[in-house]
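Residue-level structural notes
Read off the chains here:
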2 protein chains.
Amino acid sequence: MNEEVNLAANAAAAAFRQYATSPGSKRAQFLREIADGIEQLGDTLIECVNRETALPAVRVANERARTCMQLRLFAGIAEQGAWTGERNDLADAGRNPPKPNVRSCLRPLGPAVIFAASNFPLAFSVAGGDTAAALAVGCPVIVKAHPAHPETSALIGKVIGEAAAKCGLPNGVFSLLTDGTHETGLAIVQHPLIKVGAFTGSQRGGLALWRAAQQRDEPIPFFAEMGSINPLFIFPETLARNAELIATGLHASMTLGVGQFCTQPGVIFLVEDDASRALLDRLAALVSATPAGDMLSASICESYASAIEERGKMQGVRILASGESASHNSGNAGRRAGAVLFVTDASTFISHSGLAQEVFGPSSLLVLCRSTADYVRCAESLQGQLTATIWAEDGMCDNSDLLWALEQKAGRIVFNGFPTGVEVGSAMMHGGPFPATTDSRFTSVGTRSIYRFVRPVAWQRPAA
Amino acid sequence: MNEEVNLAANAAAAAFRQYATSPGSKRAQFLREIADGIEQLGDTLIECVNRETALPAVRVANERARTCMQLRLFAGIAEQGAWTGERNDLADAGRNPPKPNVRSCLRPLGPAVIFAASNFPLAFSVAGGDTAAALAVGCPVIVKAHPAHPETSALIGKVIGEAAAKCGLPNGVFSLLTDGTHETGLAIVQHPLIKVGAFTGSQRGGLALWRAAQQRDEPIPFFAEMGSINPLFIFPETLARNAELIATGLHASMTLGVGQFCTQPGVIFLVEDDASRALLDRLAALVSATPAGDMLSASICESYASAIEERGKMQGVRILASGESASHNSGNAGRRAGAVLFVTDASTFISHSGLAQEVFGPSSLLVLCRSTADYVRCAESLQGQLTATIWAEDGMCDNSDLLWALEQKAGRIVFNGFPTGVEVGSAMMHGGPFPATTDSRFTSVGTRSIYRFVRPVAWQRPAA
């Protein structure tokens, strides 16, 4: 057995009871100490993330703010305690037979393993939303660090360890696995002391870990968020009225962070008319003027390049525009990627399932339809999604076939906006039907995300 | 493809949108019509159940009352609508960037398949708790009838069909699969239009269906409740003070319904002392005087007989007492079973995992321990359970190692009572860690059980 994995699992199990039964105020203090510690890293952290991930400093600073906000949001959840959802059915001694008192609460599942994502080196990594949610409800956490940002992971891991010590919590409440191999990832999911897991990343990685979680002697819940193509459906009259807003917003959402978001808009459905022809021209201009960007790692960039090449060869699909190409800058050539905009028609889209697969990077596919009737057909052909977006006049889509179809396919419906930019709040649903995630009943962003890590326990006592 | 399965799945999918978007009051009306219809069957139903299952008329009448109560309880849930758990994060146009409005609600997953249990031909069968929960939240239901009570299933199925017609609901809102083969069960779980499943029954059956649900192209949630051995831990001083109450209560709980409950107390931990020796004597007398009973089916009886035979041959295990034996009555010989009480010691229990396996029928195992310190060791050796029971003085077990260990193993902790008799209320947790169920985060009894059938959907709108 992998010794690093075994030590971490045993330490987490040893810490579980003390941590799970600690008052919510203690867990809140812990989460706030982590947030404070991250802020105190100052520019050291920003520079480290920038160096490892190529994400610009402004983006990193924003992500750090979000990460600390998340930690403090979950601190509030831990402190308030309402998350336990206590229910209490009173006893009735007069009933025949006497009715007992049954009280139930949500309780932490046990030691949790969190797989850090590459595309959010802070907000979905060592002290990201998954860690905050699991710690808030009393699960010790073991993070499998992402190999794309090892120094960042170590910096944050050290902050968490110091926060635990400051709060008088046992060491095992948090561990960081720094060995980046797939074997280590599998070993921790398979360890009998681990009781729940969460993952954000690729479909291949997520499914492999999810299967391993199910094939254990004691299967455990494992939530994998595996991304999606986040379709947009734009109605002609709305496009005509918001042409520039849609063109610039769509281009920004498509290329934000070099397209490396699980909510990146991968496919856009349009009705072929004057307004959409104008949009294509405008988007082509914007994409053509887009500088190449550094992706998170060379392997991600390689996958992007081969997906683009494959798509470019498909019958019925053509490249509408390309941005600055990778070769224009040789400094970081191995991870440099350019934006690519493809265009096809509804029939081609429906008949080629490959066009409904995620291309992770700054590329989108425009699908020209004969009429909005094609939208429903296309929507029904989709697999599960994190988001689906509709641009339409207010009320126009209420009770429509399209809205119904999309509600069956996606966890979040965006009206007149763009899917990137996931608000962290009480109502957010960042999840969706398979293969966007492994279980559409849970979210990995927002306060609802704690439900991945808890189970109800009831206590029954006789009527007096 | 199985034609019956295909027709039912297509009808359910066709009915889904209308049913899911119907007002809660409509679904409530439907559930109440079903309850009324079941009551109107009168003695016809009682006689039919009694004939098919050998359950006595009084028990059947009680179960009918519970079934109708459940339907009306879930009608109230549907009508009140609070189950959708709406959350609304308000927009903030002044934030940079502007914060959108995000609202989320729980929504039905889609067509559900429910596998009826043999041991509750009404309460966990065609119009049982699973069906009521799924229908309450807007999932069309396909019930796979249990072959042990086909006429009962047909009677209830007809009532549901008539209730649907009376409420103006489409046919596909409910279908009954009457072909009792395993192939039909697998086929319906594998059907792409089915979105969720629930099962109560054996571990073998539950696991086979759960695996099939995961191995689909689109895996679906499948909740299997597979029973457990429901351990009791009795503290010496409490036993001494409640000797007769515990002896008669335990005997009744052990033999209730010929032991055919998933909460039947299968193993009882005692400290070897004068009080426990007296309990053994009293239990031996009660068991010896227990008449043989008819089990639900010949195959269940056969499994029971072979489990008893195997257990009787185990080293370190002895038969303390046996009730009237099967052969005493030849009228229903193939399904007639006698109570058997076994006794062993803690070391034997821990070293033979077979002793921690469920024996479905009127048999329990007494485990004599040297001290209550053995209780924790034994508790930690257990697999997941639906229930665990502690007989102790008030407050004595608070924060104890035993209570903590049992809370990790079981969904419901019973104090100073017996595990049979599951209250149907808002706080009930009838579930537990694997292998009691396939997902400890859900219950199959009580109003929390609706969460098996729903998922959150969020709607995002821009700040004005």
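Here, every reference points to the structure presented above.
Residues numbered from 1 in each chain as written. Chains lettered and ligands numbered in written order. Predicted model: local features only at pLDDT ≥ 70, side-chain atom pairs only at ≥ 80, totals over all residues.

1. Observations concerning the overall build of chain A
The secondary structure content of chain A amounts to 15 helices and 17 strands. What you see for chain A is a C-alpha radius of gyration of 24 Å, in line with the 23 Å of a compact globule of 464 residues. Projecting the C-alpha coordinates of chain A onto the three principal axes gives extents of approximately 75 × 60 × 40 Å. In chain A, which comprises 464 residues, the share counted as buried stands at 58%. Expressed as a percentage of contacts within chain A between residues at least 6 apart in sequence, the contacts between residues at least 24 apart total 77%. (Helix = DSSP H or I, 4+ residues; strand = E, 2+ residues; numbered from the N terminus. Rg over C-alpha atoms; globule rule 2.2 N^0.38 Å. Buried ≥ 20, exposed ≤ 12 C-beta atoms within 10 Å, placed from the backbone. Contact = placed C-beta atoms within 7 Å.)

2. A look at the packing of helix α14 (residues 373-381) of chain B against helix α15 (residues 401-409) of chain B
The relative placement of two packed helices comes down to the angle between their axes together with the axis-to-axis distance. Residues and elements named next belong to chain B. Across the interface, α14 lies against α15 with an axial gap of 9 Å and an inter-helix angle of 10°. Between α14 and α15, the angle is such that the two are roughly parallel. Of α15, the residues touching α14 (which contributes Tyr375, Val376, Ala379 and Glu380) are Asp401, Leu402, Ala405, Leu406 and Lys409. Grouping the constituent residues of the contact of α14 with α15 by class yields six nonpolar, no polar and three charged. (Axes fitted to C-alpha atoms, helices over the stretch in contact; angles between N-to-C directions. Parallel < 35°, antiparallel > 145°, perpendicular 65-115°, else oblique. Nonpolar A, V, L, I, M, F, W, Y, C, P; charged D, E, K, R; others polar.)

3. Observations regarding the sheet that holds strand β17 (residues 454-461) of chain A
If you trace the 10 strands from one edge of the open sheet to the other, you get β1(A)-β2(A)-β17(A)-β16(B)-β15(B)-β8(B)-β9(B)-β14(B)-β13(B)-β11(B), paired in mixed fashion. With partners counted over all chains shown, the strands left at the sheet margins are β1 (87-89) of chain A together with β11 (318-322) of chain B, one partner each. The sheet shows a mean angle of 20° between the axes of neighbouring strands, taken without regard to direction. For β1 of chain A and strand β2 (residues 101-108) of chain A, the ladder comprises three bridges, and the chain directions are antiparallel. (Pairing = 2+ DSSP bridges.)

4. Structural notes on the pairing of strand β15 (residues 385-391) of chain B
Residue and element names in this part refer to chain B. Within β15, seven of the seven residues are buried, which leaves it mostly tucked inside the rest of the structure. Bridging between strand β8 (residues 232-234) and β15 involves three bridges; their strand directions are parallel. The partner of Ile234 across the bridge, within β15, is Trp391. Bridge analysis of β15 against strand β16 (residues 410-415) gives five bridges, and the strand direction is parallel. In the sheet register, Gln385 faces β16, and the bridge partner there is Ala410. Considered for its hand, the β-α-β crossover made up of β15, α15 and β16 is right-handed. (Right-handed = clockwise from strand over helix to strand, strands pointing away.)

5. Considering helix α4 (residues 57-80) of chain B
All names here are of chain B. For α4, built from 24 residues, the straight-helix expectation of 34 Å at 1.5 Å per residue is met to within 8% by its first-to-last C-alpha distance of 35 Å. Those residues of α4 lying buried are Val60, Glu63, Arg64, Thr67, Cys68, Gln70, Leu71, Leu73, Phe74, Ala75, Ile77 and Ala78. Once α4 ends, the next one or two residues include Gly81, with phi positive near 80°. (Expected span 1.5 Å × (residues − 1).)

6. Regarding the relation of the copies chain A and chain B
Superposition record for chain A on chain B: RMSD 0.0 Å, screw rotation 180°, translation along axis 0.0 Å. The transformation just described matches what one would write down for a two-fold rotation axis. Identified as the residue of chain A closest to the rotation axis by C-alpha distance is Gln214 of chain A, at 4.5 Å. An overlap of 98% is found between the interface residues of chain A and their copies at the interface of chain B, pointing to a shared contact surface. (Least-squares fit on C-alpha atoms with pLDDT ≥ 70 in both.)

7. Points about helix α6 (residues 150-166) of chain B
Residue and element names in this part refer to chain B. The end-to-end C-alpha distance of α6, which contains 17 residues, comes to 24 Å, matching closely the 24 Å that a straight helix rising 1.5 Å per residue would cover. Thr152, Ser153, Ile156, Gly157, Val159, Ile160, Ala163 and Ala164 are the residues of α6 that are buried. Relative to the axis of α6, the buried residues are bounded by an arc of 155° and lie together on one face. In this structure, α6 carries Glu151 and Ala165 as exposed residues pointing more than 90 degrees from its buried face. On its buried side, α6 packs onto α2 (24-40), α3 (42-53) and β5 (174-177). (Arc of directions from axis to C-beta.)

8. Brief notes about the sheet that holds strand β4 (residues 141-144) of chain B
Residues and elements named next belong to chain B. Here five strands make up an open sheet; going across it, the order is β5-β4-β3-β6-β7 and the pairing parallel. Because the sheet does not close on itself, it has two edges, and the strands there are β5 and β7 (222-225). The sheet shows a mean angle of 15° between the axes of neighbouring strands, taken without regard to direction. Two strands pair when backbone bridges link them, and strand β6 (residues 196-200) and β7 are joined in this way by four bridges, in the parallel orientation. Note on β7: the bridge partner recorded for Thr200 is Glu225. Contacts from helix α8 (residues 203-214) reach β3 (112-115), β6 and β7, with the element oriented near 170° to β7.

9. Here's the deal with the interface of chain A and chain B
The extent of an interface is frequently quoted as the accessible surface area lost upon association of the parts. Each side of the interface is counted separately: chain A has 44 residues, and chain B has 43 residues. Elements supplying a minimum of two residues to the side of chain A that touches chain B: β1, β2, α15 (401-409), β16 (410-415) and β17 of chain A. Per element, the largest residue contribution to the side of chain A that touches chain B is seven residues, and it comes from β17 of chain A. Residue composition of the side of chain A that touches chain B, by class: 17 nonpolar, 12 polar and 15 charged. Strand direction decides the pairing type here: β17 of chain A and β16 of chain B, joined by three bridges, are parallel. The residue bridging Gln460 of chain A from the neighbouring strand is Val414 of chain B, located in β16 of chain B.

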